[in-house]
Amino acid sequence: MRVALRHHLLIWLLVPQLVLWLAAALVTYSVAVRYADLAIDRSLFQASKALARQVKPMGSGLLVDFPRAARDILETDPDEQVYYMVSSPPGQFILGNHQLPLPPDPDPGTDTQHFYDAYVQEQGETVAVRVAAISLNWGEPEAPQRMLVQVAKSRHSRQILARHILRDTAVPLSILVLIMSALVWMGIRSGLSPLARLRDTVSRRAPGDLAPLRLDVAPEEVRDLVGALNTLLAAVQESLIQQRRFINDAAHQLRTPLAGLKSQTELALKELEQRHYPDPGLHARLQMALESATRSSHLITQLLTLARAEPESALVAGQQSFDLHQLAREITTEWVPRALSAHIDLGMDEDDGAEDLPASGSPTVVLGHPLLMREAIINLIDNAIRYAGSQTEVTVRVRASAQWVTLDVDDSGRGIEPALLPRVFERFVRGHQDSQGCGLGLAIVREIVLRHGGGVHLAPLSPHGLRARIELPQPKAAAAAVQSSTHSTMLP
């Protein structure tokens, strides 16, 4: 799964903050518990010292001076229940309101304080308590006896105090982490903004625009990236120049001998026809050579046109406004003799079919390359004349709407099998198995139209025939449409 760079940086910057926040929360909680224990232990120690003063040695016994009022004060803590116990020897109850567990150390020493956690039973429930214990000696010095004073309080107060301390420290810390996260996000966006501007600059470019990129105010790392891209663009531009030069040179070198071969073959055929006893076999072989030379010349022309129509060869700088209706009329007029020789009625529908367009200006003006578009229209008319068959009609029509300018070439021939319609725009795919074409005509049309931001479609006509349609955007939408490719599909 691909992760955006800003998300990747954000994760690696925020995860350590989250880990530190959790560690700080745990440390704060442990410190809060320790200080809560210190506060509770101090209060328990003071209570145990005060209780020990109420028990005084008297001869061979103990005098308990513990008024009821003092007992009520000790037992009625406003926060929670307080447990106390005096025992001598330790464990034998003398005074108190509860039986408390003995300290873990059986001999804590005289006049020493001891704190520990324990559990007591209160009305059938187990209560966790914190206990402070003091061990005192009393009686004759020769035979001293041990007295244990214990005061306990529930640990619930400690937990409440620890949670209050944690809340008072964690809330400001959380707010600080959120502020730091927002600052980190803003810093990442600001740091990556040159990359976003570079992306927008590249995405707005036309396919054939190979001019160097400019990003002068970008950081050094982005400038290095732009420098590498400019080096690549310069290499691609040089490669395209060499490729176009090679295509032009190769086309010239191939056309010249083919033209000579056709001329010599035609002369040989004329000389053979002028003989009194022509050789039928030689005539047939010369005719086949002439047809092969003609097909080879046509194939070279098609390949050259296809190479010039490739996305990397279509330069936006060469675009201009031209009238598609007028261009189609000129081409149709030029191809009338060819259609008549094939016994086909070729005509132009002069109704431009403009819909909801202003009266000023021609509604069929488009933005593009007139020479490339001429090749596309010629290929459609040529295909219609080649495959429609004798005694058929071919009609060229140009219409305009608010968004599109449409050119249709309709023929009343046999059409194309429905199974082949989705594939006829592929290279070297023929619409008819018995055709003499090279399978590049419709592929050339598709490449040229896509470079103009339009679409090309084929659809059967009723009762028979085929419609080839080119759709080009109006000039206002052409600049945006040329950035994306429109796939060739069948008309519904």
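Residues numbered from 1 in each chain as written. Predicted model: local features only at pLDDT ≥ 70, side-chain atom pairs only at ≥ 80, totals over all residues. Heavy atoms only, no water.

With that out of the way, let us pick up the overall build of the chain. Secondary structure summary: the chain contains 9 helices and 15 strands in total. Split into buried and exposed, the 492 residues of the chain put 37% on the buried side. Summarising the internal contacts of the chain: among those between residues at least 6 apart in sequence, 64% fall at separations of at least 24. Here the chain displays about 28300 Å² of accessible surface, and carbon together with sulfur accounts for 58% of that area. (Helix = DSSP H or I, 4+ residues; strand = E, 2+ residues; numbered from the N terminus. Buried < 20%, exposed > 50% of the residue type's maximum accessible area, 1.4 Å probe, protein only. Contact = heavy atoms within 4.5 Å. Areas by Shrake-Rupley, 256 points an atom, 1.4 Å probe, with all protein chains shown as cover.)

Sheet architecture is open: 5 strands sit in the order S4-S3-S7-S6-S5, paired in antiparallel fashion. The strands lining the two open edges of the sheet, one partner per strand, are strand S4 (93-96) and strand S5 (113-122). When the angles between neighbouring strand axes are averaged without regard to direction, this sheet yields 25°. As defined by bridge partners, strand S3 (residues 82-87) adjoins S4 across 3 bridges and the pair is classed as antiparallel. Counterpart to methionine 85 in the pairing with S4 is glycine 96. (Pairing = 2+ DSSP bridges. Axes fitted to C-alpha atoms, helices over the stretch in contact; angles between N-to-C directions.)

Let us now look at the nonpolar core. One recurring pattern in soluble globular proteins: nonpolar side chains tend to sit buried together. Formed by 44 residues in total, the largest nonpolar core has its most connected members in Leu324, Met373, Ile381, Leu407, Leu458 and Ile470. At the level of secondary structure, the elements contributing two or more residues to this core comprise helix H6 (324-341), strand S9 (344-349), helix H7 (370-388), strand S11 (392-400), strand S12 (404-411), helix H8 (441-451), strand S13 (455-460) and strand S14 (466-473). Sequence-distant contacts of isoleucine 470, that is, excluding residues within four places in its chain, are made with Ala376, Leu380, Val405, Thr406, Leu407, Val445, Val449, Gly455 and Val456. (Core = buried A, V, L, I, M, F, W, Y, C linked by side-chain atoms within 4.5 Å.)

Our next topic: H7. Helix length check: H7 (19 residues) gives 26 Å between terminal C-alpha atoms against 27 Å at 1.5 Å per residue, within 8%. Trailing H7 by a residue or two, glycine 389 shows a phi angle of about 100°, which is positive. (Expected span 1.5 Å × (residues − 1).)

Our focus in this paragraph is a nonpolar patch on the surface. Together, Leu5, Leu9, Leu13, Leu195 and Leu225 give the surface a local cluster of nonpolar side chains, amounting to about 380 Å² of exposed area. The biggest single contributor to the nonpolar patch is helix H1 (residues 5-53), with 3 residues. Here leucine 9 is to be found in helix H1. (Patch = residues over 30% accessible without salt bridge, like charges linked within 9 Å, V, L, I, M, F, W, Y side chains within 5 Å. Salt bridge = Lys/Arg side-chain N within 4 Å of Asp/Glu carboxyl O.)

With that settled, the discussion passes to the packing of aromatic side chains. A full pass over the atoms with the stated rule returns 0 aromatic pairs. We note arginine 34 situated over the ring of tyrosine 35; from NZ or CZ to the ring centre the distance is 5.0 Å. (Phe/Tyr/Trp six-rings, centres within 6.5 Å; stacked < 30°, edge-to-face > 60°. Lys NZ or Arg CZ within 6 Å of the ring centre and 35° of its normal.)

Turning our attention to the environment of valine 86. Within the element layout of this structure, valine 86 appears in strand S3. Separated by 48 residues in the primary sequence, valine 86 and isoleucine 134 place their C-alpha atoms 9.7 Å from one another. Residues contacting valine 86, with those up to four places away along its chain left out, are Leu51, Val55, Gln92, Phe93, Ile94, Leu95, Met147, Leu148 and Val149.

Among the 6 residues of S3, 6 are classified as buried, and the element is accordingly described as predominantly covered. Neither face of S3 is left uncovered, since the one carrying Val82, Tyr84 and Val86 and the one carrying Tyr83, Met85 and Ser87 both have all their residues buried. The sheet contact formed by S3 and strand S7 (residues 145-154) spans 6 bridges and is antiparallel. Each residue of the ladder has a partner; that of valine 86, found in S7, is valine 149. Two successive antiparallel strands, S3 and S4, enclose a turn made up of 5 residues, where glycine 91 displays a positive phi of approximately 105°.

Turning next to H6. For H6, built from 18 residues, the straight-helix expectation of 26 Å at 1.5 Å per residue is met to within 8% by its first-to-last C-alpha distance of 26 Å. Along H6, the helix axis deviates most sharply at tryptophan 335, where the bend reaches about 40°; the proline proline 337 sits within four residues downstream. Buried residues of H6: Leu324, His325, Leu327, Ala328, Ile331, Thr332, Trp335 and Ala339, and no others. The opening residue of H6, the one whose side-chain oxygen lies 3.0 Å from the backbone nitrogen of histidine 325, is aspartate 323. Just downstream of H6 lies histidine 343, where phi reads positive at about 60°. (Bend = angle between axes of the 7 residues up to and from the residue. Polar contact = N/O pair within 3.5 Å; in protein donor to acceptor, adjacent residues only side chain to side chain.)

Relative orientation and spacing of two packed helices are given, respectively, by the angle between their axes and the distance between those axes. Relative to each other, H1 and helix H3 (residues 156-203) sit at 165°, their axes nearing to 9 Å. Taken together, the axes of H1 and H3 are roughly antiparallel relative to one another. Both H1 and H3 take part in a crossing whose hand is right-handed. Considered class by class, the residues forming the contact of H1 with H3 number 26 nonpolar, 6 polar and 3 charged. (Parallel < 35°, antiparallel > 145°, perpendicular 65-115°, else oblique. Left-handed = near helix turned anticlockwise from the far one by under 90°. Nonpolar A, V, L, I, M, F, W, Y, C, P; charged D, E, K, R; others polar.)

With 80% of its residues at a pLDDT of 70 or more, the chain shows a mean pLDDT of 78. For the chain, strand S15 (residues 489-490) is the element with the lowest average pLDDT, namely 38, and S12 is the one with the highest, namely 94. For the stretch residues 355-360, pLDDT sits under 50, and the model shows 8 contacts to residues farther than four places along the chain or on other chains. Per-residue pLDDT stays below 50 along residues 482-492; that stretch engages in 32 contacts with residues further than four places along the chain or on separate chains. (pLDDT = per-residue confidence, 0-100.)

The next subject is the environment of asparagine 97. Position of asparagine 97 relative to the elements: it lies in the loop between S4 and S5. Take asparagine 97: its relative accessible area is 26%, and that puts it in the partly exposed class. Distance in space between the C-alpha atoms of asparagine 97 and tyrosine 83 is 6.3 Å, their sequence separation being 14 residues.

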